[in-house]
Amino acid sequence: DVVETQEHYKSRWRSIWIMYLTMFLSSVGFSIVIMSVWPYLQKIDPTADASFLGWIIASYSIGQMVASPLFGVWSNYRPRREPLIVSTAISVAANCLYAYVHVPHSHNKYYMLTARALVGFGAGNVAVVRSYIAGATSLTERTSAMANTSACQAVGFILGPVFQTCFALIGEEGVTWKLVDLQLNMYTAPVLFGAFLGVINIILIFAIFREHRVDDMGRPCKSINFEGEGTCGVTDQDAEGNVDLVAVVAINLLFFVILFVFAVFET
């Protein structure tokens, strides 16, 4: 049996904390514009109605729904750092696009729709985050680690509107940087702040995040993502194949209902 060293333990938990941050930022990306998207939409494109607002709010979740299985499959066969960095970079670029949706002379509402869909697509990395944490924790650590992940998600949902409220002090006019045609106001500052946090997240993934996997007893295992560790026992591999599909479907349905109600009330 391979025994986990203290250095390995610290590296594993540093990586898990980076995943907590990634989950937090994904949630912030959804809620940080939730209060300002409607007045901003009316300002940049008077043709947009309340029905189109619904599509803009939904576009984030649609993008996340499409991206989650794609990033999940990617992380099954390649190092998880790859989908994490790519997804975060997409979110950063999409937030920058959102800050420039006022520039085109027409169809501005469709640019906003595209920007929010791409932010949601980047947030599809939550599937990778949950998968990594589940595989990088022992049985005794897993429940608390997954609870912390959900807590980070909830805190992100809560603090997003708080950030928006703070940026409201800038006002609707704000400051214009004519050289790059950028308006820094109460509508664009939150997404630029989100883009900045995304860049920090990418740097931390490069610098600190490492691939780790342990079995239920906390012993380091070899995984398809990282080949520098020991091999899990046969018993653990057999246990992983024994999945309660009814329970999995039930949990997914419950998660769907919770997010459905949340999105309705936020909108």
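Above this note sits the structure.
On a predicted model such as this, the values are computed, not experimentally measured, just so you know.

(A) Examining the packing of helix α2 (residues 37-44) against helix α5 (residues 108-122) more closely. Two elements in contact, α2 and α5, have axes separated by 9 Å at closest approach and are oriented at 145°. The crossing of α2 and α5 is right-handed. Across the interface between the two elements, Val-37, Tyr-40, Leu-41 and Ile-44 from α2 touch Asn-108, Lys-109 and Met-112 from α5. Residue classes in the contact of α2 with α5 are distributed as 5 nonpolar, 1 polar and 1 charged.

(B) Representation of the packing of aromatic side chains in the model. Under the defined criterion, the tally for this structure stands at 13 aromatic pairs. Taken together, a centroid distance of 6.5 Å and an interplanar angle of 55° make the contact between Tyr-9 and Trp-13 tilted. With a gap of 4 residues between them, Tyr-9 and Trp-13 both fall in helix α1 (residues 6-31), about one helical turn apart. Here Trp-13 falls in the buried class, since its relative accessible area comes to 17%. Ring geometry for Phe-167 and Phe-193: centres 5.6 Å apart, planes at 55°, overall tilted. Here Phe-167, found in helix α7 (residues 139-167), pairs with Phe-193, found in helix α8 (residues 189-207); they are 26 residues apart in sequence, far enough to count as distant. Between Lys-109 and the ring centre of Phe-52, over which it is positioned, the NZ or CZ distance is 5.0 Å.

Conventions we followed
Residues numbered from 1 in each chain as written. Predicted model: local features only at pLDDT ≥ 70, side-chain atom pairs only at ≥ 80, totals over all residues. Heavy atoms only, no water. Axes fitted to C-alpha atoms, helices over the stretch in contact; angles between N-to-C directions. Helix = DSSP H or I, 4+ residues; strand = E, 2+ residues; numbered from the N terminus. Left-handed = near helix turned anticlockwise from the far one by under 90°. Contact = heavy atoms within 4.5 Å. Nonpolar A, V, L, I, M, F, W, Y, C, P; charged D, E, K, R; others polar. Phe/Tyr/Trp six-rings, centres within 6.5 Å; stacked < 30°, edge-to-face > 60°. Buried < 20%, exposed > 50% of the residue type's maximum accessible area, 1.4 Å probe, protein only. Lys NZ or Arg CZ within 6 Å of the ring centre and 35° of its normal.

Just distances and angles here, no functional claims.
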